[in-house]
Amino acid sequence: MRGFIALLSGALFGAGLHISGMTNTAKVRGFLDFAGAWDPTLAFVMGGAMLPMVFAWRLTRGRTPLTGGSHPAPPRSEITRPLIAGSILFGIGWGLVGLCPGPALASITYGGWQGVLFLVAMLAGMWAVPPLRRGLDRLMPTT
């Protein structure tokens, strides 16, 4: 049952990304082009995703998920150096390519070899970050 719900949720998420245009790299780059032909529609997509989450976090307090386990804790609100660095790297990648992890996964089914190449590069970056971060933390402790 848990696997079926995960599959259904992933399919719904992927369909939402596709319908909203989040997998269209030209649309995403248009959203990031403030000085040119700015396309504000993705701001509505992001708002439409964040607004239900506000209610979801409120409604899940004290409840148990249908398939067992527990709900994840709300995200931390502190701004840290790794958060800032990760945000900068995410923004650079999003601006250059027009994809972030969710749409990248959704687009491999129709993105051709470019989508697969981006996915491989993204996974390689995710794999490389933990050892790089440990090394940076040794060089520049956060305390």
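Since the structure is predicted, the reported quantities are computational estimates derived from the model, not experimental observations.

Asker: So what exactly am I meant to see when it comes to the pattern of salt bridges here?
Answerer: Should the charged atoms of two oppositely charged side chains come close, the side chains can pair. The tally for this structure, following the rule as stated, stands at 2 salt bridges. Where Lys-27 meets Asp-39, a salt bridge forms, and the shortest distance between an N and an O atom there is 3.3 Å. Highlighted residues: Lys-27 in helix H2 (residues 25–32) and Asp-39 in the loop between H2 and helix H3 (41–60), separated in sequence by 12 residues. The partner of Asp-137 in a salt bridge is Arg-133, with the nearest N and O atoms 3.8 Å apart. Separated by 4 residues within a single helix, Asp-137 and Arg-133 lie in helix H6 (residues 112–139), roughly one turn from each other. With relative accessibility at 43%, the residue Arg-133 sits in the partly exposed group.

Asker: I tried to follow the confidence of the model for the chain on my own but got confused; where do I start?
Answerer: Detail in the predicted coordinates should be disregarded across regions flagged by low pLDDT. Mean pLDDT over the chain: 82, with 98% of residues reaching 70 or higher. Mean pLDDT values over the elements of the chain span from 78, in helix H5 (residues 101–107), up to 85, in helix H1 (residues 2–20).

Asker: I tried to follow H6 on my own but got confused; where do I start?
Answerer: Structural remark: α-helix, 3.6 residues per turn; residues separated by three or four positions point the same way. Along its 28 residues, H6 runs 41 Å from first to last C-alpha, staying within 8% of the 40 Å computed at 1.5 Å per residue. Most pronounced at Val-129, the bend in H6 amounts to some 35°, and the proline Pro-130 follows within four residues. Among the residues of H6, those classed as buried are Gly-115, Phe-118, Leu-119, Met-122 and Gly-135.

Asker: Can you help me understand the layout of surface pockets in this one?
Answerer: One water molecule sets the probe size; rolling that probe over the atoms shows where empty space is left. Its volume calculated, the largest pocket comes out at about 790 Å³. Lining the largest pocket are 25 residues, and of these Ala-85, Gly-86, Leu-89, Phe-90 and Val-129 lie nearest its centre. Those elements giving two or more residues to the lining of the largest pocket turn out to be helix H4 (81–97) and H6. The element contributing the most residues to the lining of the largest pocket is H6, with 11 residues. Split into classes, the residues belonging to the lining of the largest pocket amount to 18 nonpolar, 4 polar and 3 charged. Of the pockets and cavities examined, the second largest pocket occupies roughly 410 Å³. Taken together, 15 residues form the lining of the second largest pocket, with Phe-13, Leu-17, Met-22, Val-45 and Ala-49 sitting closest to its centre. At the level of elements, H1, H3, H4 and H5 are the ones that each hand at least two residues to the lining of the second largest pocket. No other element matches H1, which puts 5 residues into the lining of the second largest pocket. Split into classes, the residues belonging to the lining of the second largest pocket amount to 12 nonpolar, 3 polar and no charged.

Asker: So what exactly am I meant to see when it comes to the environment of Met-50 here?
Answerer: With respect to the helices and strands, the residue Met-50 is situated in helix H3. Take Met-50: its relative accessible area is 55%, and that puts it in the exposed class.

The rules we used
- Residues numbered from 1 in each chain as written.
- Predicted model: local features only at pLDDT ≥ 70, side-chain atom pairs only at ≥ 80, totals over all residues.
- Heavy atoms only, no water.
- Salt bridge = Lys/Arg side-chain N within 4 Å of Asp/Glu carboxyl O.
- Helix = DSSP H or I, 4+ residues; strand = E, 2+ residues; numbered from the N terminus.
- Buried < 20%, exposed > 50% of the residue type's maximum accessible area, 1.4 Å probe, protein only.
- pLDDT = per-residue confidence, 0-100.
- Expected span 1.5 Å × (residues − 1).
- Bend = angle between axes of the 7 residues up to and from the residue.
- 1 Å grid on protein atoms, 1.4 Å probe; cavity = no way out; pocket = protein on both sides within 12 Å on 5 of 7 lines; lining within 4 Å.
- Points joined across faces, edges and corners; volume = space filled by probe spheres on them.
- Nonpolar A, V, L, I, M, F, W, Y, C, P; charged D, E, K, R; others polar.

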